[in-house]
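Observations on the model geometry
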Amino acid sequence: MKKTGVGMCLVLHPTGRKGGGDPSQAIIQLKPDGSLFLKVGAVDLGQGALTMLRQVAAEAMDVDIATVYASNRSDDLAPLSAGSAASRVTLVDPHAVMEAAKDLRAKIAAFAAHRLEIDVENVELADGKAFAKDNPHHHMTFADIGMIANLGEGVILVGTGAWQPAPVQGHDPETGYLDQESVISFGCCVAEVAVDTDTGEVEVTKLVQVWEVGKAINPLMVKQQINGGLQIGMGFALRENLFPHYPDPAHGIESLADYSMPTFMDYPPELIHGIEEVPHPMGVKGAKGFSEGSATAPGPAIISAIHDAVGVWIHEVPATPEVVLRALDAKEHGGATDYWSHQDRSAWLA
Amino acid sequence: MNQYIGKAMPRYDAQGQVTGKVRYVDDIKVPGMKCVKVLRSPVHKGEIRGLDFSRALKVPGVVGFVTAQDIPGKNAYGRFQDMPVLAPENRVRYRGEPIAAVVAADEDTALEALSQVRLDIEEQTPVFDMFEAMQPDAPLVRHDSKSNLWVHYPPDITEVTMVKGQMDEGMNQADQVIEGRYSTGVQDHAPMETNVSVAYRDEMGRLVIHTVSQTIYAHLGMLCAILAMPMSRIRFIGGRVGGAFGGKNDIHTDHIAALAVLKFGHPVKYRLSREEDLQFTTKRGAFVLDFKTGVKNDGRLTACRIDIWHDTGAYAGMSPYGLEKCAMFAPGPYDFPHIKVTARTIFTNRPISSSMRGFSVINGQIASEIHMNRVAEALGMDPWELRFTNAWRDGDQGVTGYKVRGAGALEAMKKAAELAGIKLPDKLMSMSSRGRQAS
Amino acid sequence: MALFAEEHSIPMTHILSFQLNGAPVQALVKPSDSLLDVLREKLDVTSPKRGCDSGDCGACTVLLEGKAVRACLTCALTVENKQVVTVEGLSQDGKLQPLQEAFMAHGGSQCGYCTSGMLISATALLAKSPHPQRQDIAQEMSGNLCRCGCYEEITQAILDTARKGE
């Protein structure tokens, strides 16, 4: 028999490396035709680091994004980034790009002041041009500047930037105190499930996941991250375990056929995402990272929905069909409404 | 004004992806490139008594073997510098641990050569259960350590403690105390791209390594130490990865590919098969978490006590860092006046646990949130209301002392309820993360 | 083909000829080579990815005579004189197919490693049923894994392509 239920949860995800020491760098160069070359160190794992940072650079330089070429290839002249980990890139790397843009804008302004024969304070940069504030017609395009600087006057116009949230800190061993801010994103998930009480299979029929991300620099990619986290999150909550008989090391999992990560068939037919923005004081335009968290949020909502459906709290994940059936069995035969399979292992009970 | 922040745009490389033009490390081919494969421990714990390559070296197409003796620098890497590149001092601590690497003309030849290696290994008693591993008489996973517990604070503190307020006092103020024990399994990242490296010498004699690393600069530093080479002699090229999810935060292939080039000079590719990647790379490790929550009948939380055990496998990977993160955030986004968390990292003879999407925070959160819904049930309160009442507002304080800024839990919940078609009472909908007015 | 004759009499290699993305190609292959080996290692066609080498992930999916097959499970010698299409052959004269455009617009790729296989499977699906329902897509595409979790976006891209093709 299929029984349906609904569950919700609220989770957090800390963004940036705990304990600080989390630097990133960026370089922006003005090319002879006025186009810009953005070089960053953030690895693109699929999360879209390069796409996002290119958007930040184009806005910070106030140019058409089509004129910005960007690379994150960690080749010889590559700025450093502490890594694409800890949901840190969206919090940290945009600052490095903003700093590099500020540096380059100052250099372009100084060069334009000299060519336009005006005070540098009178130079404004907007829409790919440098002009006199008191006479906007008196201007040079970035293409003019790039050409004259690089090929006419033999000047290289490069902006560099670096940023980190905090220097390295450790916890106080007695209290855990850490002298550092934690930038936190918040996720709320509502899941609807159908539990097959004969097979123990749990089908997620609808899932709503919302993340408060400070500022969504690219809402399409934020959507991808929210919906995408469900893949690992649902696997964690319902299916994947390399050691199904933990702590027994026997596993028998050698291929993806044995390791049943969610497929198209497992994704809920109704999948709804939501983005909420409460700008964080530390982020560029308030942006903070969150993408790891979208794997966290589905699990507790799904497990709570199972409880709503069949009246048992599953205390272990993944809640595989075997676990669900055993939990239903324990409830039927002993009236237990909480289930943890290791209860009979005395060694596990300190 | 050119505005792009906040604009939904297709990926910069989307066209390259849909036309098959994006080049990943496994797509790189270098003339004369040989194949690297690794001999892995067949036992969970043991000491190597003999390693005879003579028959394997006779297989046509075999170039040679790399062992721990060929490492010019440190045979250790990782955030805590405790993972060996190749079995050190002839000891293995988990099934699948790399012992030696073969360089051969192609994969078939490499696998044939590995099957011809005579490995004499003395199997020793392993320990798999982290609670057994904590017993005083448990077999040591690391023969050179005092116990199977990781030392979080040298010289000898193995337990992570995080405290806010007076936990006992908070429990005394509670009308109800709800307890629960939770456990989480072992998960693999399983990115579609398995770990792979291509390495060779360039025209300047520099070592070039094409990597799938997530944390390039940390790994470059580790490679310099392993290879005893300055950064100027290594060109470490990455940036394009076919999925990682934390699994490429630790080096899996770059170091061994590099050693093969240093020893034999041929360009090489070292690519893990799916079987290897699934079974023997770093994992999301298992956790057991005990929760005890004090709450007033009106739903106000008074205290929480959390106890955490984490199985890191045979080496630390990044687990100690993750455990601290787990401890720090396991109470969840709630304003508990009193908190005490204790946690420890335990070695077992299992593949290494390290970072994975949601690194350890996910383990604390799934336990905490199932528990919070049990608290709501015990109170007979709607789970939404319990959360609206207690969720962080600006200025609330976490267990390690940080003040919350830019809080957005309530805003996320309101939107989720709306999208899910759940009508929340006006009392809740009128609340905001900007402050905690009486409800 | 005298492939499975007495061991002493079979040539260990064979010159395989087939049509790849509309053009004739030839490769020197061993009987044990898979189509994926031939495409990636011998012909430098890298869009089909080696995600598992055991038919479980779908990252190496190609069209063989218009049907989606796993290149890693396809014995190379069986494609003799047949038509093979990879993602490199989807766009014609530099113009993207509507499905490719839809993948871009809907965010059907993150890391991109599964994308080639997804596009090929979706192409085969749309050829077979031009107006698939959500459930058809889930069933037909379920052999293609995406760990980044782009299933929803890919489903939308396929539905959108089908709608626009009407």
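Residues numbered from 1 in each chain as written. Chains lettered and ligands numbered in written order. Predicted model: local features only at pLDDT ≥ 70, side-chain atom pairs only at ≥ 80, totals over all residues. Heavy atoms only, no water.

Some remarks on the overall build of chain C
For the record, the criterion: Per the convention used, a helix needs a DSSP run of H or I reaching at least four residues, while a strand needs a run of E reaching at least two, with both numbered from the N terminus. The globule rule used here is 2.2 Å times the number of residues to the 0.38 power, and the radius of gyration it is set against is calculated over C-alpha atoms. Accessibility here uses a 1.4 Å probe with only protein chains present; expressed as a share of the type maximum, an area under 20% marks a residue as buried, one over 50% as exposed, and anything in between as partly exposed. Working rule for contacts: check all heavy atoms of both residues, and any pair within 4.5 Å makes them a contact. Throughout, the Shrake-Rupley method with a 1.4 Å probe supplies accessible areas, and for residues the shown protein chains are the sole cover considered. When charges are counted, Lys and Arg contribute as positive and Asp and Glu as negative, whereas His and the chain ends are disregarded. Here the site of a charge means atom NZ of a Lys, CZ of an Arg, CG of an Asp or CD of a Glu.
Helix and strand counts for chain C stand at five helices and five strands. Element order for chain C, N to C, with α for helix and β for strand: β-β-α-β-β-β-α-α-α-α. For 166 residues, the compact-globule formula gives about 15 Å, and the C-alpha radius of gyration of chain C, at 17 Å, lands near that figure. Considering only C-alpha atoms, chain C reaches an extent of 55 × 30 × 25 Å along its principal axes. Residues classed as buried in chain C amount to 57% of the 166 residues present. Counting only contacts in chain C whose residues sit at least 6 apart along the sequence, the fraction spanning at least 24 positions is 53%. Accessible surface, chain C as shown: approximately 7,000 Å² in total, 52% of it carbon and sulfur. Positive and negative side-chain charges in chain C, numbering 14 and 19 respectively, have mean positions lying 4 Å apart.

So, the interface of chain C and chain A
Stated precisely, the cut-off is as follows: Buried area: the accessible surface (1.4 Å probe) lost by two parts on joining, summed over both. Any carboxyl oxygen of Asp or Glu within 4 Å of a side-chain nitrogen of Lys or Arg constitutes a salt bridge here. Between N or O atoms, a polar contact is any pair within 3.5 Å; within protein, one atom must be a potential hydrogen donor and the other a potential acceptor, and residues adjacent in sequence are included only when both atoms are from side chains. Three classes are used: nonpolar for Ala, Val, Leu, Ile, Met, Phe, Trp, Tyr, Cys and Pro, charged for Asp, Glu, Lys and Arg, and polar for all others, with Gly counted as polar.
With 30 residues of chain C at the interface, the matching set in chain A holds 24 residues. Across the chain C to chain A interface the summed buried area is about 2,100 Å²; carbon plus sulfur atoms make up 61%. Looking only at chain C, the three residues that lose the most surface to chain A are Gln110, Arg147 and Tyr151 of chain C, adding up to 34% of its buried area. Applying the counting rule to chain C against chain A returns one salt bridge. Two residues, Glu240 of chain A and Arg147 of chain C, come together in a salt bridge whose shortest N-O distance is 2.7 Å. Taken together, the links from chain C to chain A amount to twelve residue pairs in polar contact (both at pLDDT 80 or more). The set of elements that each furnish at least two residues to the side of chain C that touches chain A consists of α2 (98–106), α4 (134–141) and α5 (151–164) of chain C. For the side of chain C that touches chain A, a count of residues per class yields 14 nonpolar, eleven polar and five charged.

What to know about empty space enclosed by the protein
Which entries qualify depends on this criterion: Throughout, the protein atoms alone are placed on a 1 Å grid, and a set of points is a cavity if a 1.4 Å probe fits but cannot get out or a pocket if it is open with protein on both sides within 12 Å along at least five of seven lines; lining residues have an atom within 4 Å of a point. Grid points are joined across faces, edges and corners, and a volume is the space filled by probe spheres set on the points.
Following the criterion strictly, the structure yields ten cavities of 30 Å³ or more and no others. Taken as a whole, the largest cavity spans an internal volume of roughly 200 Å³. In this structure, the largest cavity is lined by 20 residues; those nearest its centre are Tyr77, Tyr94, Pro98, His252 and Phe280 of chain B. Taken together, the elements giving at least two residues each to the lining of the largest cavity come down to α7 (254–264) and α8 (274–280) of chain B. Of the residues belonging to the lining of the largest cavity, the class tally is 13 nonpolar, four polar and three charged. Empty space within the second largest cavity amounts to approximately 120 Å³. In terms of lining, the second largest cavity is formed by 15 residues, of which the most central are Phe243 and His251 of chain A together with Arg95, Gln279 and Pro351 of chain B.

Some remarks on helix α9 (residues 319–329) of chain B
Most of α9 of chain B sits inside the fold, with eleven of its eleven residues counted as buried. By the burial criterion, the buried members of α9 of chain B are Ser319, Pro320, Tyr321, Gly322, Leu323, Glu324, Lys325, Cys326, Ala327, Met328 and Phe329 of chain B.

What to know about the interface of chain A and chain B
Selection criterion: Strands were regarded as paired on the criterion that DSSP finds at least two bridges between them.
Each side of the interface is counted separately: chain A has 129 residues, and chain B has 109 residues. Across the chain A to chain B interface the summed buried area is about 9,900 Å²; carbon plus sulfur atoms make up 62%. Three residues, Leu10, Lys18 and Phe236 of chain A, lead the burial of chain A against chain B; their summed loss comes to 7% of the area buried on that side. The tally of links from chain A across to chain B stands at eight salt bridges. Here Arg11 of chain B and Asp44 of chain A are joined by a salt bridge, their closest N and O atoms 3.5 Å apart. Scanning the region where chain A abuts chain B turns up 56 residue pairs in polar contact (both at pLDDT 80 or more). Here the side of chain A that touches chain B takes nine residues from helix α4 (residues 219–239) of chain A, the largest share from any one element. For the side of chain A that touches chain B, a count of residues per class yields 65 nonpolar, 37 polar and 27 charged. Judged from the two bridges that link them, strand β13 (residues 316–317) of chain A and strand β8 (residues 176–184) of chain B form a sheet pairing that is parallel. Along β8 of chain B, the bridge assignment pairs Val317 of chain A with Thr184 of chain B.

Shape descriptors only; they carry no functional weight alone.
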